[in-house]
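Architecture at a glance
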Amino acid sequence: MNTISPASALAQAAASIPTPTPPRWTVSAVEALYQLPLMDLLFRAQQVHRENFDPNEVQRSALISIKTGGCSEDCSYCSQSARYKTDTEREALMEVEDVLAAAREAKAKGATRFCMGAAWRGPKEKQMEVVTQMIREVKSLGMETCVTLGMLKDDQAQVLKAAGLDYYNHNLDTAAEFYEQVITTHKQSDRLDTIAQVRAAGIKVCSGGILGMGESRRNRAAMIAQLANLNPPPESVPINNLIAIPGTPLAESEKIDNFEFLRSIAAARIAMPKSYVRLSAGREAMSDEMQALCFFAGANSIFSCDKLLTMSNSGVGRDLALFDKLGLRSV
Ligand code: SAM
Ligand code: DTB
Ligand code: SF4
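Some remarks on the pattern of salt bridges
Applying the stated criterion across every chain yields a total of 16 salt bridges. In this structure, Glu-144 and Arg-113 form a salt bridge, with 3.0 Å as the shortest nitrogen-oxygen distance. Of this pair, Glu-144 sits in strand β3 (residues 144–148) while Arg-113 sits in strand β2 (residues 113–118); the two residues are 31 residues apart in sequence, bridging distant segments of the chain. Judged by relative accessible area, which is 26%, Glu-144 ranks as partly exposed. As a salt-bridge pair, Asp-288 and Arg-318 come within 3.0 Å of each other at their nearest N and O atoms. Pair noted here: Asp-288 is in helix α11 (residues 288–296) and Arg-318 is in helix α12 (residues 316–326), with a separation of 30 residues, a long-range link. Ionic contacts of the salt-bridge type, sharing partners, join the residues Glu-215, Arg-217, Arg-220 and Glu-260 into one network.

Describing the site of ligand 3
Taken together, the neighbourhood of ligand 3 is formed by Cys-71, Glu-73, Cys-75, Tyr-77, Cys-78, Ser-81 and Ala-119. For the shell around ligand 3, the per-class residue count stands at five nonpolar, one polar and one charged.

Remarks on helix α9 (residues 217–228)
Between its first and last C-alpha, α9 extends 16 Å over twelve residues, near the 16 Å set by a 1.5 Å rise per residue. Burial within α9 is extensive, with nine of its twelve residues counted as buried. Within the sequence span of α9, burial applies to Asn-219, Arg-220, Ala-221, Ala-222, Met-223, Ile-224, Ala-225, Leu-227 and Ala-228. Residues of α9 that are buried make contact with α2 (27–34), α7 (176–179), β6 (209–211), β7 (236–241) and α10 (258–271).

Considerations on the site of ligand 2
In the vicinity of ligand 2, 13 residues are found, and the nearest of them are Asn-171, Asn-240, Leu-309, Thr-310 and Met-311. Asn-171 has a polar side-chain atom sitting 2.8 Å from an oxygen atom of ligand 2. Contact distances for ligand 2 include 2.9 Å between an oxygen atom and a backbone N or O atom of Met-311. Contact with the protein chains covers 89% of the free accessible surface of ligand 2, which is 410 Å².

Looking at the side chain of Asn-219
Summarising the element assignment, Asn-219 is placed in helix α9. Taking the relative accessible area as the measure of exposure, Asn-219 reaches 11% and is therefore buried. Dropping the residues within four chain positions of it, Asn-219 is found in contact with Ala-175, Glu-177 and Phe-178.

A short note on the packing of aromatic side chains
Overall, the coordinates contain two aromatic pairs when judged by the stated rule. Between the aromatic rings of Phe-53 and Tyr-276, the centroid separation amounts to 4.8 Å while the plane-to-plane angle is 65 degrees, which identifies the pairing as edge-to-face. Residue Phe-53 is located in the loop between α3 (38–52) and β1 (57–67), and its partner Tyr-276 is located in strand β8 (residues 276–279); the two are separated by 223 residues in the primary sequence. The buried category is assigned to Phe-53, whose relative accessible area is 14%. Look at Tyr-276 and you get partly exposed, because its relative accessible area is 31%. Ring geometry for Phe-295 versus Phe-323: centroids 6.1 Å apart, planes at 90 degrees, classification edge-to-face. Placement of the pair is Phe-295 in helix α11 and Phe-323 in helix α12, with a sequence separation of 28 residues. Side by side, Phe-295 and Phe-323 carry an identical accessibility label, which is buried. Positioned over the ring face of Tyr-167 is Arg-113, at 3.7 Å from the centre of the ring. Cation over ring: Arg-278 sits above Phe-303, and NZ or CZ is 4.8 Å from the ring centre.

Topic: the pairing of strand β9 (residues 299–303)
Judged by how many residues are buried, β9 sits mostly within the fold: five of five residues are covered. In this structure, β1 lies alongside β9, joined through three bridges in parallel fashion. Residue pairing across strands places Gln-59 opposite Ser-301, the latter belonging to β9. Bridge count for β8 against β9 is three bridges, and the pairing is parallel. Looking at β9, one finds that Leu-279 is bridged to Ile-302. Handedness of the crossover joining β8 and β9 through α11 is recorded here as right-handed.

A word on the side chain of Thr-174
Topologically, Thr-174 is positioned in the loop between β4 (167–169) and α7. If sequence neighbours within four positions are ignored, Thr-174 has contacts with Tyr-179, Val-182, Gln-188, Met-213, Glu-215, Met-223 and Gln-226.

A look at the packing of α10 against α11
For the pair α10 and α11, interaxial distance at closest approach is 8 Å and the crossing angle is 25 degrees. Here α10 lies roughly parallel to α11, going by the angle between them. The handedness of the crossing between α10 and α11 comes out as right-handed. Contact residues: Asn-258, Phe-261, Leu-262 and Ile-265 in α10; Met-290, Leu-293 and Cys-294 in α11. Each residue belonging to the contact of α10 with α11 can be placed in one class, and the counts come to six nonpolar, one polar and no charged.

Reading guide: rules and limits
Residues numbered from 1 in each chain as written. Chains lettered and ligands numbered in written order. Predicted model: local features only at pLDDT ≥ 70, side-chain atom pairs only at ≥ 80, totals over all residues. Heavy atoms only, no water. Salt bridge = Lys/Arg side-chain N within 4 Å of Asp/Glu carboxyl O. Helix = DSSP H or I, 4+ residues; strand = E, 2+ residues; numbered from the N terminus. Buried < 20%, exposed > 50% of the residue type's maximum accessible area, 1.4 Å probe, protein only. Near = heavy atom within 4 Å. Nonpolar A, V, L, I, M, F, W, Y, C, P; charged D, E, K, R; others polar. Expected span 1.5 Å × (residues − 1). Contact = heavy atoms within 4.5 Å. Polar contact = N/O pair within 3.5 Å; in protein donor to acceptor, adjacent residues only side chain to side chain. Areas by Shrake-Rupley, 256 points an atom, 1.4 Å probe, with all protein chains shown as cover. Phe/Tyr/Trp six-rings, centres within 6.5 Å; stacked < 30°, edge-to-face > 60°. Lys NZ or Arg CZ within 6 Å of the ring centre and 35° of its normal. Pairing = 2+ DSSP bridges. Right-handed = clockwise from strand over helix to strand, strands pointing away. Axes fitted to C-alpha atoms, helices over the stretch in contact; angles between N-to-C directions. Parallel < 35°, antiparallel > 145°, perpendicular 65-115°, else oblique. Left-handed = near helix turned anticlockwise from the far one by under 90°.

Okay, here's the thing in C-alpha cells:
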C-alpha cells in the first residue's frame, strides 16, 4: 500500500520542477554584439527596441546637485572629489525650498522625473532628514523622484522608500576588473550591496556606467553583461560618455570613438530589452546626428537640463528643437 500523503506528494512533485533561472549574458555574448557589422547591430537593437517601447518616445529627467564637492571618495573622473583640484566649488546641502523651486521649473520645462545628486560617500542621519523632506515635496508636485546619495546602510533604503522615492541612482560605473584603476576608496561589491538594499526596499534601480575612461571593449561588454545579469536588470541604465574634467586623473583620457559608444548603446538595449537606456553625460559634445543614432540604437531617456551636477549639459531648448526635427515625443 502507498502511504505517501497528498501533501508530501505535492511537495515531491514541486521539487522535481526545475526553478527557472533568468537567462544570463556572458561577456563573450555581449562582445559578439559589438563585433557585428554596425548596420546589423543597429537593426537588431531597433527591433528589440520596437518590441518593448514606442520608438518615438524619449523620457526626460532633470538633474540637480543638492550638495556639491568635498567628497571623500577618489573616483578619478569626478570633479567633486576632495582629492583633486578642480574648478568645482563646494556647496553645502541646499535648502528644501530652493530644491523645490528648481523642481517646479524643471516640471514647467517638461521633465517628468527630478533627480537629486549629493557628493557623499553615503548620507548621514541628519542629511537623510532633509533629503526625505525634499523627496516628499518633489513627489507632491506630481513628479517622479530620484536621488543619488552614495552608499546606503541600515534601514536608509526603506526610509527613502517611505518618503516616496521612485528611483535610486547608483552606477556600477565600469567593469569589476577595471574598477580599481578608477576608484580605490570603495569596492564595486559595495555598490552591488547598495543596489540590493534599494531593490529589497521596493525602489526602482537606476544603474549604469561611464565609457571613455581607458577601458577596453571587453571591459565595456563585461559591465553591460553585469548590469543585464542583475535580477531583474535595472529599470534605468545611464550610459555616460566621460566628460574629461581638468584637475581629475582622467583629464587627459582619450575620447571614446563615436561608433564604439553607439555600439555600446545598442548592446545595452539588446541585453536589457525592457530597461530605459539613458543617454547621459557627454551629450552636449555630441552632434544632433550622433544623438539621433543613439536614439535609433535604443536610447530612450535623457537628462534634459542646462546643467548636470557640476558640468554644463545640452540645454532644454536644444533638446526640444532636436525632438521636433526627429519627430520624437517627450514623455
Ligand atoms: N556620490 C554619488 C555616487 O557616486 O553614486 C552620486 C553622484 S555621482 C557624481 C553620480 C554618477 O555621475 C557617477 O556614478 C558617474 O557615473 C557619473 N559621473 C560623475 N562624473 C562624471 C564625468 N566626469 N563624466 C561622466 N559621468 C560622470
Ligand atoms: C548618471 O549616471 N549621470 C548623472 C547622474 N547619473 C547623477 C551625473 C553626470 C555627472 C556629469 C559630471 C558632472 O556634472 O559633474
Ligand atoms: Fe564622490 Fe560620487 Fe564623485 Fe565618487 S562620483 S567622488 S562618490 S560624488
